[in-house]
Structures are given as C-alpha cells and as structure tokens.
Amino acid sequence: MKTEKNIFIAFIVNLLFSVFEFIGGIFTGSVSIISDALHDMGDAISIGISYLFEKKSKREPDKNYTYGYARYSVIGGLLTTIILLIGSALVIYNAIERIINPTQINYNGMIVLGVIGVVINLCAAWFTHEGDSLNQKAVHLHMLEDVLGWIVVLIGAIAMKFTDFALLDPILSIIVAAIIFISAIKNLKEILNLLLEKVPENISIEEIRAHLLEIDEVIDVHHIHIWSIDGYQNYATLHVVFDGDPQKAKKNVQNELKEHGIGHVTVELEREDEKCNDIHCHIEYTPSCSHHHHNH
C-alpha cells in the first residue's frame, strides 16, 4: 500500500515540523511563519484523518457496504478540505490584526527557518506525488502549498531584511492563505459533486444515449443513471428497450459503456410492447422518450 505509507510519512513529517515551526514563529515574531505553522498543523491533522480513511477505503465490499469503502477516502478529503478552509480564514484574520498593530520581527531567524521549511516540505511533497485517489491528491496539494508558503516566507524574509518593511510579513501571509482558500473551495466542489451523485464531469448522458441508440438491437434507452463512487470508479444503471437477441443486446450495451469509462453496469432489458412502470423514467433530455406508453 504505497499510497498509505506515503501519507503516513507525510503525516509524521508535518506534525513534527509544525511544532518546530510554531516555536520558530514565536521566536522570530513572524506572523507569516506562525500562520504557516497553523496551516501545517491543519495539514498534519487532516493527513492523519486521510491516512485512517485511506486504509479503510481499501477494504473489499461486504454485506453492509455493498459498494466497498471507497467513499471513506472521499470523506477524508472532505474533512481535510474543511480544516484547510477554517485554517486559512484564521490566518487571514491574524494577518489583518498584525497589519493594524505591527510588531518587531527577527529577519535572520526567519531566513533560517525559511530555508529549513522549503527543504523539508519539498521532501514531503516528493513523497506524496504518486497515488491516484482524490484523498491522495488532496494530501499532495497540501504539500505543494506548504512548499509554496515557505518559498514566500523565505523571499519575504530576505526582502524585509534589506528594506525593513515589516508589513510585508502579514501581507504575504494573506496572499498564501487566499491561494489555499481558493484551491480548497475547488476541491470542496468536486467532493460535493461526488456525494450528491452528480454525473461525472467527463461523461455526457446525451452522448452516451446517442451511441447506445446506434446499436442494432437497441430501440430505445431511458432511465439512465450514471454516478461515481470515488471519482475513479463509474457506475451506471439504465433501461434498454431491445429487439432480437437479449444476450447480444446486453453485451453490446455493456461494451459501449465500457468505452465511456463505465465499468459497473446494470441493464434492465424491456421488450417494445412492455410498459415501463417507473414514473421517473422520463428525464426530459430527448423527445424520443415519449413514444413510451405513459401509464401513470
């Protein structure tokens, strides 16, 4: 389980580092370092959550979780994202307060911490760059943001050492926090789409329907549902009105959907003279659904 091991290493590194950083921030009087510490601490906690959920998400389906545990990974991503949103809001609040009441900063200490920060976080980012779950992506995103945050701190510290413009510190921390906030919002949207069973971004129901109608045995297709469990595994259920050999019709439908990246397909086969009892079968995407007997 490479993904899990990497997440665990990132967790330990981040946790130890954020403590070290917090002390360093207080010692140098730098709000951008303290805000980075807060952010790293948030990352560490959320990576810990991710680690636990990632482990659980690998479990095989059982009689209680018939789809398997993949959604746990998504929940891990959700919690992580919420922690980031709160963290970055707090950072912005602190920085604004610091702009109103500026204080003395130890620039040299800041530069030293900055160099250490960039190096350690680059290593952590490198550890987490492989892996393909949304959760792993969230963790890697955190790592990259940490590197970015530290590069900003380092540049800021050097600039302040030469200009003695102490307000740069809170200004930089606001910029970093804003970037984190925006990417977390994007992440949140992706996760909510999954949890709300939205049709995956790269799939068009109209297009799939058109392709299915080109199959010889298929007369009509309705009641199509397509969703994803974790952003990678796509599922579909649909009703197919067919003519000819049912086995062949089903096989062709499944093959067509596989080409669209849908592995788990449940097909309900209906003869043309059959009444579809499902009132909800008519999502109005095309008028051709209407030659069905509306029998409510």
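Residues numbered from 1 in each chain as written. Predicted model: local features only at pLDDT ≥ 70, side-chain atom pairs only at ≥ 80, totals over all residues. Heavy atoms only, no water.

**Q** Account for the packing of helix α2 (residues 31-57) against helix α6 (residues 168-195), naming residues and giving values.
**A** For any two helices packed against each other, the geometry comes down to the angle between their axes and how far apart the axes lie. Contact geometry of α2 with α6 gives a least axis separation of 8 Å together with a crossing angle of 25°. Between α2 and α6, the angle is such that the two are roughly parallel. Listed contacts from α6 to V31, S32, S35 and H39 of α2 are D169, P170, S173 and I180. Here the contact of α2 with α6 is built from residues that sort into 3 nonpolar, 4 polar and 1 charged. (Axes fitted to C-alpha atoms, helices over the stretch in contact; angles between N-to-C directions. Helix = DSSP H or I, 4+ residues; strand = E, 2+ residues; numbered from the N terminus. Parallel < 35°, antiparallel > 145°, perpendicular 65-115°, else oblique. Contact = heavy atoms within 4.5 Å. Nonpolar A, V, L, I, M, F, W, Y, C, P; charged D, E, K, R; others polar.)

**Q** Break down the sheet that holds strand β3 (residues 264-270) for me, citing the residues and quoting the values.
**A** Taken together, the 3 strands give an open sheet; going across it, the order is β1-β2-β3, and neighbouring strands pair in mixed fashion. One side of each edge strand has no neighbouring strand; the edge strands of this open sheet are β1 (218-228) and β3. Between one strand axis and the next, the sheet turns through 15° on average, direction left out of account. Alignment of strand β2 (residues 234-242) against β3, held across 7 bridges, turns out to be parallel. In the strand pairing of β3, V240 is matched with L269. Sheet contacts for helix α7 (residues 205-213): β1 and β2; angle to β1, the most-contacted strand, approximately 145°. (Pairing = 2+ DSSP bridges.)

**Q** For the packing of aromatic side chains, give the residues involved together with the corresponding values.
**A** Aromatic ring pairs are reported here in terms of the distance separating the ring centres and the angle at which the planes meet. If you walk through the whole model with that rule in mind, you get 9 aromatic pairs. Centroid distance Y65 to Y72: 5.9 Å. Interplanar angle 55°. Geometry classified as tilted. Using a relative accessible area of 35% as the deciding quantity, one classes Y65 as partly exposed. The class for Y72 is buried, based on a relative accessible area of 18%. (Phe/Tyr/Trp six-rings, centres within 6.5 Å; stacked < 30°, edge-to-face > 60°. Buried < 20%, exposed > 50% of the residue type's maximum accessible area, 1.4 Å probe, protein only.)

**Q** Residue-level account of helix α8 (residues 246-259), with values.
**A** If you check α8, its first and last C-alpha atoms are 20 Å apart, about what 14 residues at 1.5 Å a residue would give, namely 20 Å. Within the sequence span of α8, burial applies to A249, V253, E256 and L257. Taken down its axis, α8 places every buried residue within 95° of arc, on the same side. Turned more than 90 degrees away from the buried face of α8 sit Q247, K258 and E259, all of them exposed. The distance from a side-chain oxygen at the start of α8 to the backbone nitrogen of Q247 is 3.1 Å, and the residue carrying that oxygen is D245. Once α8 ends, the next one or two residues include G261, with phi positive near 80°. (Expected span 1.5 Å × (residues − 1). Arc of directions from axis to C-beta. Polar contact = N/O pair within 3.5 Å; in protein donor to acceptor, adjacent residues only side chain to side chain.)

**Q** Quick rundown of α2? Include the residues and the values.
**A** Because the α-helix completes a turn every 3.6 residues, residues three or four places apart line up on one side. In a regular helix each residue adds 1.5 Å, so 27 residues correspond to 39 Å; α2 covers 38 Å between its end C-alpha atoms and thus fits that length. Along α2, 19 of the 27 residues are buried, which leaves the element largely enclosed by surrounding structure. By the N-cap criterion, in which a side-chain oxygen at the helix start approaches the backbone nitrogen of a residue two or three places on, α2 is capped by S30, the distance to I33 being 3.1 Å.

**Q** So what's going on with empty space enclosed by the protein? Residues and values would help.
**A** On inspection of all chains with the given rule, the structure shows 3 cavities of 30 Å³ or more. Space inside the largest cavity adds up to approximately 90 Å³. In terms of lining residues, the largest cavity is bounded by 14 residues, among which S35, D36, V91, S173 and V176 are the most central. Mapped onto the lining of the largest cavity, the elements with two or more residues apiece are α2, α3 (70-100), α5 (134-163) and α6. (1 Å grid on protein atoms, 1.4 Å probe; cavity = no way out; pocket = protein on both sides within 12 Å on 5 of 7 lines; lining within 4 Å. Points joined across faces, edges and corners; volume = space filled by probe spheres on them.)

**Q** Talk me through the packing of α3 against α6; I want residue IDs and the actual numbers.
**A** It is the contact of α3 with α6, at a shortest axis distance of 8 Å, that shows an interaxial angle of 155°. Taken together, the axes of α3 and α6 lie roughly antiparallel to each other. As α3 runs across α6, the sense of the crossing is left-handed. (Left-handed = near helix turned anticlockwise from the far one by under 90°.)

Bear in mind that shape data such as this cannot, by itself, settle questions of function.
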